[in-house]
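# Topology and contacts: notes
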Amino acid sequence: MTVNVPPLKCQGIKTKLVAWIKDHAVLEDGGTWFEPFMGSGVVGFNVRPKKAVFADINPHIVNFYNAIKDGEITAGIAKEFLEQEGEILQKRGEDYYYEVRQRFNKENLPLDLLFLNRACFNGVMRFNRKGMFNVPFGHKPQRFAKAYITKIANQIKYVTQALSQYDWSFVSADFRQTIAQAGQGDFI
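Note that the structure is a prediction, hence the values are computed from the model and not measured.

### Some details on the overall build of the protein chain
A tally of helices and strands in the protein chain yields 8 helices and 3 strands. Each helix and strand of the protein chain, placed in order from N terminus to C terminus, yields the pattern α-β-α-β-α-α-α-α-α-β-α. Counting the 188 residues in the protein chain, one finds 46% classified as buried. Of the contacts formed within the protein chain by residues at least 6 apart in sequence, a portion of 66% connects residues at least 24 apart. Computing the positive centroid from 24 side-chain charges and the negative centroid from 19, the protein chain places the two 6 Å apart.

In structure tokens, the structure reads:
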């Protein structure tokens, strides 16, 4: 099975478990797939249930995927943004990364999260107690090479295509709230 990797990177991504989960998940017709620990979304995006509630306690992840769902982020918009921001990063380096990080922590723009997620140290997604993204800069040359940006744009295109076919919602919620919504015939 080919696993489609989502545009956001998260620690503990379940890429290697997708095939196993897909083989063992039983969702009745008309049932809803509940994913209380969505993270990157790799499992649900590859299982592709007809109806799903993807939840995570991290509102920034949820905002990012809702921005794709609402058409605020498309593959083209993300590609253009990452090319532009990557060019500035190439010229200004680490200082620019920290400017974007500060901007994100003020404005919480989903595209800034994508940029930070791909420019930070090891693609780590970490927030402090005040909810501020606090991962340091990742010192990799040519971070936003053309092929890398195309890969990210294709990942967004995959999610966009799935969203056009299925009834998926993204919510920021504690796992207990998410699980409490499930009923007979649903799958958690």
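### Concerning the packing of helix α3 (residues 59-69) against helix α6 (residues 110-119)
Two elements in contact, α3 and α6, have axes whose closest approach is 9 Å; the angle formed by their N-to-C orientations is 115°. The orientation of α3 with respect to α6, classified from their angle, is roughly perpendicular. Of the two possible hands of crossing, α3 and α6 adopt the one that is left-handed. Contact residues: α3 offers H60, I61, N63, F64 and A67, while α6 offers P110, L113 and L114.

### Points about unusual backbone geometry
Residue R48 is not a glycine yet carries a positive backbone phi of 55°. With respect to the helices and strands, the residue R48 is situated in the loop between α2 (42-47) and β2 (51-56). Accessibility expressed as a relative area gives 17% for R48, which makes it buried. With a phi close to 55°, N122 is a non-glycine residue in the positive phi region. Here N122 shows up in the loop between α6 and α7 (146-165).

### A closer look at a nonpolar patch on the surface
Judged by side-chain polarity, F37, F175, I179 and I188 come together as a nonpolar surface patch covering roughly 360 Å² of accessible area. Secondary-structure assignment places I188 in the segment after α8 (175-180).

### Some thoughts on the pairing of β2
Most of β2 is tucked away, with 5 of its 6 residues classed as buried. Bridge count for strand β1 (residues 33-35) against β2 is 3 bridges, and the pairing is parallel. Note that in β2 the partner of E35 across the bridge is F54. Note that the unit made of β1, α2 and β2 has a crossover that is right-handed.

### A closer look at the pattern of salt bridges
Evaluation of the coordinates by the stated rule reveals 6 salt bridges. One salt bridge in this structure joins E99 and R92, with 2.1 Å as the shortest N-O distance. We classify E99 as partly exposed; its relative accessible area is 37%. For R103, the salt bridge is made with D112, and the minimal N-O distance between the two is 2.6 Å. According to the relative accessible area criterion, R103 is partly exposed, its value standing at 25%. In this structure, a network of salt bridges that share partners links the residues E85, R103 and D112.

### Section: the sheet that holds β1
Each strand in a sheet pairs with another by means of backbone hydrogen bonds, the pair being arranged parallel or else antiparallel. Here 3 strands make up an open sheet; going across it, the order is β1-β2-β3 and the pairing parallel. The open sheet has two free edges, formed respectively by β1 and β3 (167-172), since each of these has just one partner strand. Within this sheet the neighbouring strands show an average axis-to-axis angle of 15°, counted without direction.

### Here's the deal with α3
All of the buried residues in α3 are H60, I61, V62, F64, Y65, A67 and I68. Against α2, β2, α5 (94-107), α6, α7 and β3 lie the buried residues of α3. For α3, the capping residue at the N-terminal end is N58, with a side-chain oxygen 2.8 Å from the backbone nitrogen of H60.

### Thoughts on the packing of helix α4 (residues 75-92) against α7
Two elements in contact, α4 and α7, have axes whose closest approach is 8 Å; the angle formed by their N-to-C orientations is 155°. In terms of axis orientation, α4 runs roughly antiparallel to α7. Note that α4 runs across α7; the crossing there is right-handed. For the pair α4 and α7, the contacting residues are A75, A78, K79, L82 and E83 in the first and I149, T150, I152, A153, I156 and K157 in the second.

What counts and what doesn't
- Residues numbered from 1 in each chain as written.
- Predicted model: local features only at pLDDT ≥ 70, side-chain atom pairs only at ≥ 80, totals over all residues.
- Heavy atoms only, no water.
- Helix = DSSP H or I, 4+ residues; strand = E, 2+ residues; numbered from the N terminus.
- Buried < 20%, exposed > 50% of the residue type's maximum accessible area, 1.4 Å probe, protein only.
- Contact = heavy atoms within 4.5 Å.
- Lys, Arg positive; Asp, Glu negative; His and termini not counted.
- Charge placed at Lys NZ, Arg CZ, Asp CG, Glu CD.
- Axes fitted to C-alpha atoms, helices over the stretch in contact; angles between N-to-C directions.
- Parallel < 35°, antiparallel > 145°, perpendicular 65-115°, else oblique.
- Left-handed = near helix turned anticlockwise from the far one by under 90°.
- Patch = residues over 30% accessible without salt bridge, like charges linked within 9 Å, V, L, I, M, F, W, Y side chains within 5 Å.
- Areas by Shrake-Rupley, 256 points an atom, 1.4 Å probe, with all protein chains shown as cover.
- Salt bridge = Lys/Arg side-chain N within 4 Å of Asp/Glu carboxyl O.
- Pairing = 2+ DSSP bridges.
- Right-handed = clockwise from strand over helix to strand, strands pointing away.
- Polar contact = N/O pair within 3.5 Å; in protein donor to acceptor, adjacent residues only side chain to side chain.

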